[in-house]
Amino acid sequence: MQTLTVADLEGMEKLARIQLATSLPGIKPISLIGTVDRSGQTNLAPFSSIVHLGSSPALLGMVTRPDLVERHTLANLTEIGAWTINHLHPRILGAAHQCSARYPKDVSEFEATGLTPHFEEGFPAPFVAESRLRIGLTLEDLIPIPANGTQLIVGRVVLIQIADGLLLDHGHLDFDAMECLASTALDTYFKIQPLARYSHAKPDQVSSPV
Ligand SMILES: Cc1cc2nc3c(=O)[nH]c(=O)nc-3n(C[C@H](O)[C@H](O)[C@H](O)COP(=O)(O)O)c2cc1C
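Cut-off values and rules
Residues numbered from 1 in each chain as written. Predicted model: local features only at pLDDT ≥ 70, side-chain atom pairs only at ≥ 80, totals over all residues. Heavy atoms only, no water. Salt bridge = Lys/Arg side-chain N within 4 Å of Asp/Glu carboxyl O. Helix = DSSP H or I, 4+ residues; strand = E, 2+ residues; numbered from the N terminus. Buried < 20%, exposed > 50% of the residue type's maximum accessible area, 1.4 Å probe, protein only. Phe/Tyr/Trp six-rings, centres within 6.5 Å; stacked < 30°, edge-to-face > 60°. Pairing = 2+ DSSP bridges. Near = heavy atom within 4 Å. Polar contact = N/O pair within 3.5 Å; in protein donor to acceptor, adjacent residues only side chain to side chain. Areas by Shrake-Rupley, 256 points an atom, 1.4 Å probe, with all protein chains shown as cover. Nonpolar A, V, L, I, M, F, W, Y, C, P; charged D, E, K, R; others polar. Core = buried A, V, L, I, M, F, W, Y, C linked by side-chain atoms within 4.5 Å.

> Explain the pattern of salt bridges here, please?
Side-chain pairing between opposite charges can occur once the charged atoms of the two side chains come close. For the coordinates displayed, the defined rule picks out four salt bridges. A salt bridge links R91 to E179, with the nearest nitrogen and oxygen atoms 2.9 Å apart. With R91 in helix α4 (residues 90-98) and E179 in the loop between α6 (175-178) and β11 (181-184), the pair connects residues that are 88 residues apart, well separated along the chain. The shortest N-O distance in the salt bridge between R156 and E140 comes to 3.0 Å. One end of the pair, R156, is in strand β10 (residues 150-162); the other, E140, is in strand β9 (residues 133-145), and 16 residues separate them in sequence. The exposure class of E140 is partly exposed, given its relative accessible area of 40%. Taken together, the shared-partner salt bridges in this structure form one network comprising R91, R132 and E179.

Okay, here's the thing in structure tokens:
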């Protein structure tokens, strides 16, 4: 094993340190976050820090970088109180990655990349029409992380849209047929392949694939 200490990490060249630090959580989800401001200006940005926070109510969290510079996603979802999570597949990956570019506020990443906004009656934030799994959320909480000025954005799931045939029995989603993608760091994307589904683990019984 190669061992790195805090001193080694701090001594690394800046971009290499960021690459390593952002790789440490391993493979993560990747989605486009859709928002809009009060004037109707839409915005898209890829986020990989999406995490399940609870099932009843269904809550999802994501971490935003410090707002030392303009953060359109954070500003819009705070202003409107709602946003969307749109899962990716290979055909929209290039456009989704391009959405991480720092476009000015008056440029919509929808227009810049050719992705299609889709609005649902009664829900203010834009979905990505090309996405096969889309989630609408309302803002529940913004929790500061004082150690580095990031914030945990807590959202309540209020709408779920799934392409036909991809919601399986007992609430399982067919991520394989969805061609769902995963990511690490800020530049690397993966196809996923199902490996096994296990029965609920119990102390008195060795769980096995079902
Ligand atoms: C693969 C990938 C994952 C990212 N994940 C996050 C994230 O979880 N949180 C975050 O604040 N920024 C993340 N970013 C960076 C934002 O997408 C980027 O800062 C973007 O310009 C933000 O746009 P906005 O100002 O329109 O919100 C990620 C970028 C990439 C390429």
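And the narrative resumes.
> How should the packing of aromatic side chains be read in this particular structure?
A full pass over the atoms with the stated rule returns one aromatic pair. Arranged with centres 5.7 Å apart and planes meeting at 40°, the rings of F123 and F127 form a pair that is tilted.

> Even after reading the chapter, I still don't get the pairing of strand β3 (residues 42-47), so can you show me in this structure?
Successive residues of a regular strand alternate their side chains across the two faces of the sheet. Of all six residues in β3, six are buried; the element is thus mostly enclosed. Judged by which residues are buried, β3 turns out to be covered on both faces: T42, L44 and P46 on one side and N43, A45 and F47 on the other are all buried. When strand β2 (residues 31-36) meets β3, the two strands line up antiparallel, connected through six bridges. Across the sheet, T35 pairs through a bridge with N43, a residue of β3.

> Whenever I open this one, the site of the ligand confuses me. Can you help?
As a matter of local geometry, the ligand sits amid 21 residues, with N43, P46, S49, V63 and T73 nearest to it. P46 places a polar main-chain atom, nitrogen or oxygen, 2.8 Å from an oxygen atom of the ligand. Its free accessible area being 650 Å², the ligand has 93% of it covered by the protein chains. Sorting the residues of the shell around the ligand by element identifies β3, β5 (58-64) and α3 (72-80) as the ones contributing at least two each. Broken down by element, the residue count for the shell around the ligand peaks at four residues, all from β3. Considering only residue class, the shell around the ligand consists of nine nonpolar, eight polar and four charged.

> Can you help me understand the sheet that holds strand β12 (residues 188-191) in this one?
By definition, the strands of a sheet pair up through backbone hydrogen bonds, in either a parallel or an antiparallel sense. Across the sheet, which stays open at both edges, the three strands sit in the order β1-β11-β12 with antiparallel pairing between neighbours. The sheet is open, and its two edges are formed by β1 (28-29) and β12, each paired on a single side. Here two bridges tie β1 to β11, and the two strands are oriented antiparallel to one another. The residue of β11 that forms the bridge with P29 is A182.

> Honestly, the nonpolar core in this entry has me stumped. Any pointers?
Across soluble globular proteins, you tend to see nonpolar side chains buried next to one another. Within the largest apolar cluster, 14 residues are counted, with the highest numbers of intra-cluster contacts made by I33, M62, W83, I85 and L137. At the level of secondary structure, the elements contributing two or more residues to this core comprise β3, β5, α3, β6 (82-87), β9 and β10. Counting twelve residues, the second-largest nonpolar core is a separate cluster that includes L32, A95, A96 and L115.

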